Amino acid sequence: VADSKIIIGVLVNNKPGVLMHITELFTKRCFNIDSLVVGMTEKPAISRMTITSIGDVQIENQIVKQLSKLHDVLHVAVIPENKATVREHMLIKMEVTAETSSAVTEMINAFAAKVIDFTASTVTAEVTGEVENNDRFVEASKEYGIIEICRAGAQALHRGNTSL
Amino acid sequence: VMNEVATHAPEANPASAKAEQNCPTTDSVSDAAQKETMTGAQIIVRSLIAQKVDVVFGYPGGQVLDLYDELYLHSKHIQHVITAHEQGAVHAADGFARATGKTGVVIATSGPGATNLVTGIATAQLDSIPLVAITGNVATTLLGKDSFQETDIFGITIPVTKHNYIVKNVEDLPGVLAEAFEVAQSGRPGPVLVDVPRDVQKALFSCNLDWQGENDQKVENALQVKGSISFSSGEISSFKKAAELIASSKRPLIYCGGGTLAAAAQQHVIDFADHIDAAIGCTIMGLTAIPASHPRNLGMTGMHGRELAIRAVDSADLIIAIGARFSDRATGNKEHFTQGKSFIHIDIDPAEIDKNILVDVALVGDMNATLNYLLAQLPGKQNAAWQKEIAEMRNSFCGAGTSRHASFSAKNIIKAVQERTDAETIIATDVGQHQMWVAQNYQFEKPRTFLTSGGLGTMGFGMGAAMGGCIGKSLATNSAPKKTVLFTGDGSFGMNLNEMATAVSQNLPLVIIVMNNGVLGMVRQWQSLFYDERYSQTTLSRATDFPALAQAFGANGCKAHTLSELNVALDEAFSAQGPYLIDCVINEDDRVLPMIPPGGTINDMLVDEEEKGENCG
């Protein structure tokens, strides 16, 4: 069975130590974590995580079942990629010179990204899009020189009126 | 592979169950009860009393002084057993739980006290034993400063607990403690750790904690065996599929694990086996679920199983796993193990399904309810050809042997001990050859009489476990401590023999059989079979005089080189008051046979050629 991308939504109690229980589970069971994003929901007692991983169906099932056993995990569901809206937020700081400045601005506009800081020698862009979109932005930026990158990881919701 | 999963765990409504977890003990409190201002330490001790804990094992220290002060004041409610080392205490709490089915409790101080528990907690985790460990820690104001005897035991024990807590506010303490017991003993049992900083033990909180017996009924209900339950349509279709597999099977075999004991489902398993005319093989953890003398019981399966059981598993066309998890030691080579068979997996833990092998049908939930319902779906059947095949195998294969055939062998030592025990006697082991010899040769007739570290394989487990089992059995039967046997090896015993001190101080009637071969026998066996007899660090070259050591601890002991010496020693040991050690000198090249080499198949099985036919007991 081929490995594929796994996107999982998890609702957890918003308590100290919960993140540790979850990351330790991934370490202990040898599951991969590509990205993990966590934030509070509209209910302050509950946080939502989006975890992306890679593996076959058996691994996907094990991730869901093992997560479900954790005491502070309230709900776990796979969000199939073709039924998900997935976005990642990224900040990227690039080198610019007088010669490259307009090309960089053009690139940022082409990706529908935003300039959030600039100096004579740097431009910082805020990019939000599918993970692959952000990958492409990073590739394109290499031509001008990347100073630093801060990627937030994938966040996912089901499409339509399905929810966790 | 068809894969149908039914889930109906009694606690399978996690969202609703978990939603209430922050409401401390409200449902166990009568309306009339008055709020009382208590310290954290008082809350802990009274919570233990409320949970019907009658004994705790532990070791005091700087960060549990307040807790120990409360234990002192409540000593008529709770007996505290101080061990020689925290590891002995946690194994004792574990042995108590294994012998009684109740949750074991261990207490330790911060830092080294807490870290000394880790091996014992991991031991309980791998064998799904209900355990609550309570540790002290430095005050919350000192946490994170590398304070004296500070350690992050919460972080350390995440991988080896079912769940764990650090309680930083005293108002959370009653709820966390009630929840800790609930988590430890519900569903698939396991260890829970609660870390309580010293200032939380001192802090005051006003609550109406019921600790003097009002919730008896609730505790009783929680322990009650659940008999019936309703099923969803998805579950019913899984039951249908399982019923079809069983109906079409000609050679069904039940592979019975420790989950059977956790669910107290022994009788249901036997009834079910009778109904479908199945053979039964047991994992090491399931060994006492089915009486050794039961005609359907073929004995232990797996790496060092009985040849009869191993061959029957191999010929079966349907394996019905009940409360077992297909560990590598039980299956050997998984491709060979699964070839030409169907699998039905019955377990309370959904994550066990398809974890180690992919199964055709899974029935997840309460074992008694599942077996009841499944049995009702099936007409009874007979598998005459299968039973005939098994009867023939029974005559051909016995299996358990030691390769050399001196009369003073493990097999004969175990037999001599068994002549003096009864079906209720608790038998504990350490880990290694002696453990496998006991698992193969001792005839267990009653549930929970075999205390052994099956999953983690913890050398040093035995002394603590034997003490905890002995005390637990005595409290459960409201009688004086009865003879309890520890089979150990000179290697394992060396790890925690300090607990002899505890056995003496508690005047526990332990009979300690040290199978002394002067080597780390199991590792040596592997070195002789797979490493060209390069005995790297397994020849101990020690000069420990075990009987003298026993005497130095205040116990009795003697040496036995022959069966007749052993018989004399055993007569004395079984009439002695306190602990009695018998140092049995056996040959260093005795092996545990049969053996399926790791990752191997039945075709690789090493057997003791002489242990066949008329030699089969």
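Residues numbered from 1 in each chain as written. Chains lettered and ligands numbered in written order. Predicted model: local features only at pLDDT ≥ 70, side-chain atom pairs only at ≥ 80, totals over all residues. Heavy atoms only, no water.

1. Quick look at the sheet that holds strand E6 (residues 114-118) of chain A
Residues and elements named next belong to chain A. The cut-off we apply is this: Here, a strand pair is defined by DSSP locating no fewer than two bridges between the strands. Only runs of H or I of at least four residues qualify as helices and only runs of E of at least two qualify as strands under DSSP, and these elements are numbered from the N terminus. The angle between two axes is taken between their N-to-C directions and runs from 0 to 180 degrees, where each axis is a line fitted to C-alpha atoms and a helix contributes only its stretch in contact. Throughout, a residue-residue contact means that at least one pair of heavy atoms, one from each residue, lies within 4.5 Å.
The four strands lie next to each other as E6-E7-E5-E8, forming an open sheet whose pairing is antiparallel. Each edge of the open sheet carries a strand with a single partner, namely E6 and strand E8 (146-158). Adjacent strand axes in the sheet meet at a mean angle of 15° when their direction is disregarded. Along the sheet face, helix H4 (residues 131-141) touches strand E5 (84-95), strand E7 (122-129) and E8 and points at about 15° away from the line of E5.

2. Remarks on the nonpolar core
What tends to happen in soluble globular proteins is that the nonpolar side chains get buried as a cluster. Convention followed: Residue types Ala, Val, Leu, Ile, Met, Phe, Trp, Tyr and Cys, when buried and joined through side-chain atoms within 4.5 Å, form a set referred to as a nonpolar core. Per-residue accessibility, obtained with a 1.4 Å probe over protein chains only, is compared with the maximum for each type, and a residue is labelled buried under 20%, exposed over 50%, and partly exposed between these values.
Counting residues in hydrophobic clusters, the biggest one holds 67 residues, and the most contacted among them are Ile254, Ile320, Ile344, Phe487, Ile513 and Ile582 of chain B. Those residues in contact with isoleucine 513 of chain B that sit more than four places away from it in its chain are Ile413, Val417, Val485, Leu486, Phe487, Thr488, Leu570, Ile582 and Cys584 of chain B.

3. Considerations on the confidence of the model for chain B
Residues and elements named next belong to chain B. What counts, and what does not: pLDDT: the predictor's confidence for each residue, scored from 0 to 100.
When pLDDT is averaged across chain B, the result is 91; 89% of the residues are at 70 or more. Below a pLDDT of 50 lies the segment residues 613-617, which in the model reaches nine contacts outside its immediate sequence neighbourhood of four places, other chains included. Predicted complex metrics record ipTM = 0.92 and pTM = 0.92.

4. A word on the sheet that holds strand E2 (residues 35-40) of chain A
All names here are of chain A. The antiparallel open sheet is built from four strands, whose spatial order is E2-E3-E1-E4. Edge positions in the sheet fall to E2 and strand E4 (73-78), since each of these pairs with one other strand and no more. Pairs of neighbouring strands in the sheet enclose a mean axial angle of 15°, with direction left out of account. Where strand E1 (residues 4-13) meets strand E3 (residues 46-55), 10 bridges bridge the pair, whose relative direction is antiparallel. Across the sheet, valine 10 pairs through a bridge with methionine 49, a residue of E3. The sheet strands contacting helix H1 (residues 18-28) are E1, E2, E3 and E4, and the helix crosses E3 at an angle near 10°.

5. Some thoughts on the packing of aromatic side chains
Residues and elements named next belong to chain B. Defined as follows: For Phe, Tyr and Trp, where Trp contributes only its six-membered ring, two rings pair if their centres lie within 6.5 Å, and the inter-plane angle classes them as stacked under 30 degrees, edge-to-face over 60, or tilted in between.
Summed over the entire model, instances satisfying the criterion amount to 14 aromatic pairs over all chains. Between the aromatic rings of phenylalanine 231 and phenylalanine 239, the centroid separation amounts to 4.9 Å while the plane-to-plane angle is 65°, which identifies the pairing as edge-to-face. A single burial state applies to phenylalanine 231 and to phenylalanine 239, both of which are buried. Geometrically, the ring pair formed by tyrosine 255 and phenylalanine 326 is stacked, given 5.0 Å between the ring centres and 25° between the ring planes. Here tyrosine 255, found in strand E10 (residues 252-256), pairs with phenylalanine 326, found in the loop between strand E13 (318-322) and helix H15 (328-331); they are 71 residues apart in sequence, far enough to count as distant. Of the residues examined, phenylalanine 326 reaches a relative accessible area of 1% and is grouped as buried. Put simply, the rings of Tyr255, Phe326, Phe337 and Phe343 pair up and form one aromatic cluster.

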